[in-house]
Amino acid sequence: MPFASEENILTPQALATLRAHPRFAEAMRASAQGLIALHRRNRVMSWFLSDRPLALIGHAVIYLHLEGRADDPLSGLTPSRFRSFCRANRLCSPGRASAILAFMRLTGHIEAVPHPGDRRVTQLRPSEKLMEIARTRLARQFPVVALLRPDVAPAIDALGDPDFEAGLFRAFGAWFMSGSRILDHAPRLHLFA
């Protein structure tokens, strides 16, 4: 997909081009409205994290799961890899990460599965419930992005395709793991994040 390629990294020049687009203000309003419409408050989960890190954690769960390999029982989504990911990327402490995983299992957002290469190892995977939440968020944002980047429009119909989603979430994860953060490009939004 064109939006996941190396040439589309947010360089200062690419960001300036986006901001200069005649529909930029419209896209920002539509993006904010989409996020507000999806705002879900779970009183218990709010004790752990705010909405933005929770959305990032959902993506992290999917990304870590996709990084699993049948020949390596320690790869993929495991509690220790999730805790390490959260700590390394300053999403939350390892203790909170463990509590979040437990809550996600309890609420059916992730499920335990035996590792195909070593039946003694139990791994975790995102449930269809979590995948549907991720798709719903993306389905709100892709049309907004397409206002500025019409070449992204095919992604709207590709949601739900396992191959497309695997590539998309791997690209998201790689971008995040590279140290890139959206708020680095819009520091005034820190107050709202």
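Quick look at the structure, then. (Residues numbered from 1 in each chain as written. Predicted model: local features only at pLDDT ≥ 70, side-chain atom pairs only at ≥ 80, totals over all residues. Heavy atoms only, no water.)

Across its full length, the protein chain carries 9 helices and 2 strands. Ordering the α and β elements of the protein chain from the N terminus gives α-α-α-α-α-α-β-β-α-α-α. Residue pairs in contact within the protein chain that sit at least 24 positions apart in sequence constitute 59% of those at least 6 positions apart. As displayed, the protein chain has an accessible area near 11,400 Å², and 59% of this comes from carbon and sulfur atoms. (Helix = DSSP H or I, 4+ residues; strand = E, 2+ residues; numbered from the N terminus. Contact = heavy atoms within 4.5 Å. Areas by Shrake-Rupley, 256 points an atom, 1.4 Å probe, with all protein chains shown as cover.)

Secondary-structure assignment places Asn 89 in the loop between α5 (79-88) and α6 (94-106). According to the relative accessible area criterion, Asn 89 is buried, its value standing at 11%. In terms of polar contacts, Asn 89 uses its side chain to reach the backbone carbonyl oxygen of Phe 85, at 3.0 Å. (Buried < 20%, exposed > 50% of the residue type's maximum accessible area, 1.4 Å probe, protein only. Polar contact = N/O pair within 3.5 Å; in protein donor to acceptor, adjacent residues only side chain to side chain.)

Tracing the sequence through the fold places Gln 123 in strand β2 (residues 122-126). Residues Gln 123 and Gly 68, spaced 55 residues apart in sequence, show a C-alpha to C-alpha distance of 9.4 Å. Once residues within four sequence positions are removed from consideration, Gln 123 is found in contact with Pro 73, Ser 75, Gly 76, Leu 77, Thr 78, Glu 111, Ala 112, Val 113 and His 115.

A few words on the nonpolar core. By size, the foremost hydrophobic cluster in this structure holds 33 residues, and its most contacted members are Ile 57, Val 61, Phe 82 and Ile 110. Counting only elements with at least two residues in this core, the list comes to α4 (51-66), α5, α6, α7 (128-148), α8 (154-158) and α9 (162-177). Here this core gets 7 residues from one element, more than from any other, and that element is α4. (Core = buried A, V, L, I, M, F, W, Y, C linked by side-chain atoms within 4.5 Å.)

This part covers the pattern of salt bridges. Evaluated as defined, the whole model comprises 9 salt bridges. The closest approach of N and O atoms between Asp 71 and Arg 69, which form a salt bridge, is 3.8 Å. A residue is classified by how much of its surface remains accessible, and Asp 71, at 65% relative accessible area, is exposed. Here Arg 135 ties to Glu 128 by a salt bridge, and the two come within 2.6 Å at their closest N and O atoms. Overall, the relative accessible area of 15% leaves Arg 135 in the buried class. One network of salt bridges, with partners in common, ties together Glu 128, Glu 132, Arg 135 and Glu 165. (Salt bridge = Lys/Arg side-chain N within 4 Å of Asp/Glu carboxyl O.)

With that out of the way, let us pick up unusual backbone geometry. If a residue is not glycine, its phi is most likely negative; likewise, a peptide bond is most likely trans. The phi torsion at Arg 90 lies on the positive side, around 55 degrees, for a residue other than glycine. Relative to the assigned elements, Arg 90 resides in the loop between α5 and α6. You can call Arg 90 exposed: its relative accessible area is 77%.

Glancing now at the packing of α5 against α6. Where α5 meets α6, the axes come as close as 8 Å, and the angle between the chain directions of the two elements is 130 degrees. With respect to α6, the axis of α5 lies oblique. For the pair α5 and α6, the sense of crossing is right-handed. For the pair α5 and α6, contact is made by Pro 79, Phe 82, Arg 83, Cys 86 and Arg 87 and by Pro 94, Ala 97, Ser 98, Ile 100 and Leu 101, respectively. (Axes fitted to C-alpha atoms, helices over the stretch in contact; angles between N-to-C directions. Parallel < 35°, antiparallel > 145°, perpendicular 65-115°, else oblique. Left-handed = near helix turned anticlockwise from the far one by under 90°.)

The interhelical angle for the contact between α7 and α9, taken along N-to-C directions, is 80 degrees, at an axis separation of 13 Å. When the axis of α7 is compared with that of α9, the two are roughly perpendicular. Two secondary-structure elements touch here, α7 through Met 131, Ala 134, Arg 135, Leu 138 and Phe 142 and α9 through Phe 164, Glu 165, Leu 168, Phe 169 and Phe 172. Looking at the contact of α7 with α9, its residues break down into 8 nonpolar, no polar and 2 charged. (Nonpolar A, V, L, I, M, F, W, Y, C, P; charged D, E, K, R; others polar.)

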